[in-house]
Amino acid sequence: TGWWPLVSAQLRSVALGCTKVGKTSLIMSLVSEEFPDEVPLRAEEITIPADVTPERVPTHIVDYSEAEQSDEQLYQEISKANVICIVYSVNNKKSIEKVSLVSVVPLILVGNKSDLVEHSSMETILPIMNQYQDIETCVECSAKNLKNISELFYYAQKAVLHPTGPLYCPEEKE
Ligand code: GTP
Ligand code: MG
């Protein structure tokens, strides 16, 4: 399927990334607008209705848990997704490694837990951004203090509906 039918259809966003980077916390912070002290391994799939999304497209948000899902289920989710948010933790450089995933949909690099560090992780991820042209956007955020959570959601919608250019650090993507 191409991009354009999505405008009237539905959008499916899947959160991937290493264990404990905060995928489930991010999703639950987005939905409840507060940081959950305790989270399940995997958030239930949620649908955000069109009228409360920035681009007016109903959006499914799907969590992934290595502990609860098989590789087969992972590939299925990836194949159904319109956009994939690769979450890493800005205080754990190793968690960026998952970016080597090859993808047919736009990717968004999400650096979670920005509340834990003073510096930005952009220097580390710029080479990755340059290497993988599928990466539309990168954003640093925090599920804990709700920083950039709604922006992340906005970028994910934008990446699907207007996939031509990056919205963030455009000069580095040249
Ligand atoms: P798995 O499902 O096991 O792969 O982990 P996950 O990626 O879903 O991470 P989860 O949401 O379970 O969070 C892991 C830990 O990080 C929990 O203790 C969270 O409270 C904590 N955490 C999540 N987001 C943040 C954040 O923005 N800041 C801080 N300081 N801690 C966070
Ligand atoms: Mg989880």
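Up top is the structure these notes are about.
Residues numbered from 1 in each chain as written. Chains lettered and ligands numbered in written order. Predicted model: local features only at pLDDT ≥ 70, side-chain atom pairs only at ≥ 80, totals over all residues. Heavy atoms only, no water.

Engineer: Looking at this structure, how should I read the sheet that holds strand E2 (residues 46–48)?
Structural biologist: Within the open sheet, the six strands sit side by side as E2-E3-E1-E4-E5-E6. Their pairing is mixed. Looking at strand neighbours, the two that pair on one side only are E2 and strand E6 (135–140), the edges of this open sheet. If you compare each strand with its neighbour and ignore which way they point, the axes differ by 25° on average. The sheet contact formed by strand E1 (residues 11–17) and strand E4 (residues 83–89) spans five bridges and is parallel. Each residue of the ladder has a partner; that of Ala 15, found in E4, is Cys 85. (Pairing = 2+ DSSP bridges. Helix = DSSP H or I, 4+ residues; strand = E, 2+ residues; numbered from the N terminus. Axes fitted to C-alpha atoms, helices over the stretch in contact; angles between N-to-C directions.)

Engineer: Which parts of the structure should I look at to understand the coordination of the magnesium ion (ligand 2)?
Structural biologist: Each donor-metal-donor angle in an ideal tetrahedron of four donors is 109.5 degrees, and each such angle in an ideal octahedron of six donors is either 90 or 180 degrees. The magnesium ion (ligand 2) binds to the protein through Thr 24 (OG1) and Leu 41 (O), with metal-donor distances spanning 2.0 to 2.1 Å. On the criterion of sequence distance, the pair formed by Thr 24 in helix H1 (residues 23–32) and Leu 41 in the loop between H1 and E2 is long-range, its members being 17 residues apart. (Donors = N, O, S within 2.8 Å, 3.2 Å for Na, K, Ca; no water.)

Engineer: Could you clarify how one ought to interpret the site of ligand 1 in this entry?
Structural biologist: Lining the immediate surroundings of ligand 1 are 18 residues, of which Lys 23, Thr 24, Ser 25, Asp 115 and Ala 143 lie closest. In this structure, Ser 25 approaches ligand 1 through a side-chain N or O atom, which is 2.6 Å from an oxygen atom. One of the side-chain N or O atoms of Asp 115 is found 2.7 Å from a nitrogen atom in ligand 1. Here ligand 1 has 650 Å² of accessible area as a free molecule, and 84% of this is covered by the chains. Broken down by element, the shell around ligand 1 gets its largest block of residues, three residues, from H1. Class assignment of the residues belonging to the shell around ligand 1 gives a composition of seven nonpolar, six polar and five charged. (Near = heavy atom within 4 Å. Polar contact = N/O pair within 3.5 Å; in protein donor to acceptor, adjacent residues only side chain to side chain. Areas by Shrake-Rupley, 256 points an atom, 1.4 Å probe, with all protein chains shown as cover. Nonpolar A, V, L, I, M, F, W, Y, C, P; charged D, E, K, R; others polar.)

Engineer: Looking at this structure, I do not really get the pairing of E6. What am I missing?
Structural biologist: If a strand is regular, its side chains alternate between the two faces of the sheet. Summarising burial for E6: six of the six residues are buried, a large majority. Where strand E5 (residues 107–112) meets E6, five bridges bridge the pair, whose relative direction is parallel. The residue bridging Leu 109 from the neighbouring strand is Cys 138, located in E6. For the crossover from E5 across helix H3 (residues 122–131) to E6, the handedness is right-handed. (Buried < 20%, exposed > 50% of the residue type's maximum accessible area, 1.4 Å probe, protein only. Right-handed = clockwise from strand over helix to strand, strands pointing away.)

Engineer: Hey, could you run me through the packing of H1 against helix H4 (residues 149–161) in this one?
Structural biologist: A pair of packed helices is captured by two measures, namely the crossing angle of their axes and the spacing between those axes. Running from N to C, H1 and H4 cross one another at 100°; their axes reach a closest spacing of 9 Å. The orientation of H1 with respect to H4, classified from their angle, is roughly perpendicular. Between H1, through Leu 26, Ser 29 and Leu 30, and H4, the contact on the second element is made entirely by Ile 149, Leu 152 and Phe 153. The residue makeup of the contact of H1 with H4, split by class, is five nonpolar, one polar and no charged. (Parallel < 35°, antiparallel > 145°, perpendicular 65-115°, else oblique. Contact = heavy atoms within 4.5 Å.)

Engineer: Quick question: what am I supposed to make of the pattern of salt bridges here?
Structural biologist: A side chain with one charge may pair with a side chain of the opposite charge, provided their charged atoms come close. Enumeration over the complete set of coordinates arrives at three salt bridges. Glu 45 serves as the salt-bridge partner of Arg 12, at 3.2 Å between the closest nitrogen and oxygen. With Arg 12 in strand E1 and Glu 45 in the loop between H1 and E2, the pair connects residues that are 33 residues apart, well separated along the chain. For Glu 55, the salt bridge goes to Lys 158, with nearest N and O atoms at 3.4 Å. (Salt bridge = Lys/Arg side-chain N within 4 Å of Asp/Glu carboxyl O.)

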